[in-house]
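Take a look at the letters that make up each chain.
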Amino acid sequence: MQWKRANDHKSMIVDWSEAKQPESERQESGQFKGIETQMVDRYLDWVAAKIKEIEKETGRRINMETDVALVYFLLKNEPYIRAKKSEFLAKLDRGSDVLDGAGAALQGKERPYIFYLWDITRGNMMAFRQGDDPDKRRGELNVLMSRPKSRAYHYLHKNFDQLDHEKSSIAQFLWNAWKRQQEGEQKVEFIERKKVPGP
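Remember, predicted model here, so these are calculated numbers, not experimental data.

A. Layout of the environment of Thr66. Along the chain, the position of Thr66 falls in helix 2 (residues 64-67). According to the relative accessible area criterion, Thr66 is partly exposed, its value standing at 46%. Along the chain, Thr66 and Arg111 lie 45 residues apart, while their C-alpha atoms are 6.8 Å from each other. What Thr66 contacts, discounting residues up to four positions off in sequence, is Arg111 and Pro112.

B. Geometry of the packing of aromatic side chains. Under the criterion given, the structure shown has 14 aromatic pairs. Both rings, one in Tyr43 and one in Trp46, keep their centres 6.2 Å apart while their planes meet at 35°; by these two values the pair is tilted. Pair noted here: Tyr43 and Trp46 are both in helix 1 (residues 37-58), with a separation of three residues, about one helical turn. In this structure an aromatic cluster arises from ring pairing among Tyr43, Trp46, Phe115, Tyr153 and Tyr155.

C. Layout of unusual backbone geometry. The phi dihedral of Asp93 is positive, around 55°, even though this residue is not glycine. Along the chain, Asp93 falls in the loop between helix 3 (78-92) and strand 3 (99-101). You can call Asp93 exposed: its relative accessible area is 51%.

D. Here's a closer look at the sheet that holds strand 5 (residues 148-156). Spatially, 1-5-4-2-3 is the arrangement adopted by the five strands of the open sheet, whose pairing is parallel. The open sheet has two edge strands, strand 1 (12-15) and strand 3, and neither has a second partner. Direction aside, the axes of adjacent strands within the sheet are offset by 15° on average. Two strands pair when backbone bridges link them, and strand 1 and strand 5 are joined in this way by four bridges, in the parallel orientation. Bridge pairing links Ile13 to Tyr153 in strand 5. In this fold helix 1 packs onto strand 1, strand 2 (68-72), strand 4 (111-118) and strand 5, with an angle of close to 155° to the strand it touches most, strand 4.

E. Expanded view of the pattern of salt bridges. Applying the stated criterion to the full structure yields 14 salt bridges. Of the charged contacts, one joins Lys84 and Asp41 as a salt bridge, the two residues approaching to 3.9 Å between their closest N and O atoms. In this pair, Lys84 is assigned in helix 3 and Asp41 in helix 1, connecting sequence segments 43 residues apart. Asp67 is the partner of Arg60 in a salt bridge, and the nearest nitrogen-oxygen pair spans 3.2 Å. Each of Glu78, Arg82, Lys85, Asp97 and Asp100 takes part in salt bridges that share partners, so that together they form one network.

F. A look at the environment of Lys84. Spatially, the C-alpha atom of Lys84 lies 8.4 Å from that of Asp41, the residues being 43 residues apart in sequence. Residues contacting Lys84, with those up to four places away along its chain left out, are Asp41 and Leu44.

G. Quick peek at the side chain of His154. Counting through the fold element by element, His154 comes out in strand 5. Looking at His154, its side chain comes within polar contact range of the side chain of Trp118, at 2.8 Å. What His154 contacts, discounting residues up to four positions off in sequence, is Met12, Ile13, Val14, Asp15, Trp46, Tyr116, Trp118, Met145 and Leu174.

H. Focus on the nonpolar core. Residues Tyr43, Met64, Leu70, Phe88 and Phe115 are the most contacted members of the largest nonpolar core, which totals 28 residues. Mapped onto this core, the elements with two or more residues apiece are helix 1, strand 2, helix 3, strand 4 and strand 5. When neighbours within four sequence positions are excluded, Leu70 is seen to be in contact with Tyr43, Leu44, Val47, Phe88, Val98, Leu99, Asp100, Gly101 and Phe115. Counting residues in hydrophobic clusters, the runner-up holds 25 residues, among them Ile114, Phe128, Phe160 and Trp178.

Reading the values: the criteria
- Residues numbered from 1 in each chain as written.
- Predicted model: local features only at pLDDT ≥ 70, side-chain atom pairs only at ≥ 80, totals over all residues.
- Heavy atoms only, no water.
- Helix = DSSP H or I, 4+ residues; strand = E, 2+ residues; numbered from the N terminus.
- Buried < 20%, exposed > 50% of the residue type's maximum accessible area, 1.4 Å probe, protein only.
- Contact = heavy atoms within 4.5 Å.
- Phe/Tyr/Trp six-rings, centres within 6.5 Å; stacked < 30°, edge-to-face > 60°.
- Pairing = 2+ DSSP bridges.
- Axes fitted to C-alpha atoms, helices over the stretch in contact; angles between N-to-C directions.
- Salt bridge = Lys/Arg side-chain N within 4 Å of Asp/Glu carboxyl O.
- Polar contact = N/O pair within 3.5 Å; in protein donor to acceptor, adjacent residues only side chain to side chain.
- Core = buried A, V, L, I, M, F, W, Y, C linked by side-chain atoms within 4.5 Å.

Read these as spatial facts, not as claims about activity.
See below:
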């Protein structure tokens, strides 16, 4: 990814479609307590749509077992994603398994396409400061971010804009990347001329 040519496809996509969604409530009880299950469902639907886009772009069928990883940094999301994984894979029909987990799950493992779920909120910001504090597991997020071989996809929480992004390196990086991506998309937008220009 470091040596991609300027005219190559993007090596990173940041998605903030959650901003247009209604507030996703956390489950109050049961085995999925504390998980925003509606947001996770939308994340999985987004992954499935992006897999099909990649296939159209590359002209080759994706193998979920060897080409893809799903990363949710907060371990609290694991029970729900594990519960939905079989249904997700069956519907997508691109393999019977996919590498998934928090940061440690990808240690020493790379995949061409990695889909990150960043449910960073004001309430859990401290959990995302790994690498910012020398007394914590320095570099874990850096290692996590180096796992994609071709492209990284980042899915942001609905309230990502309400964070103090400077309190966490990863939040600042993702927000700046999203803003640069928006500026780039605006620059290439074609607007058809409606009238003849003046003298």
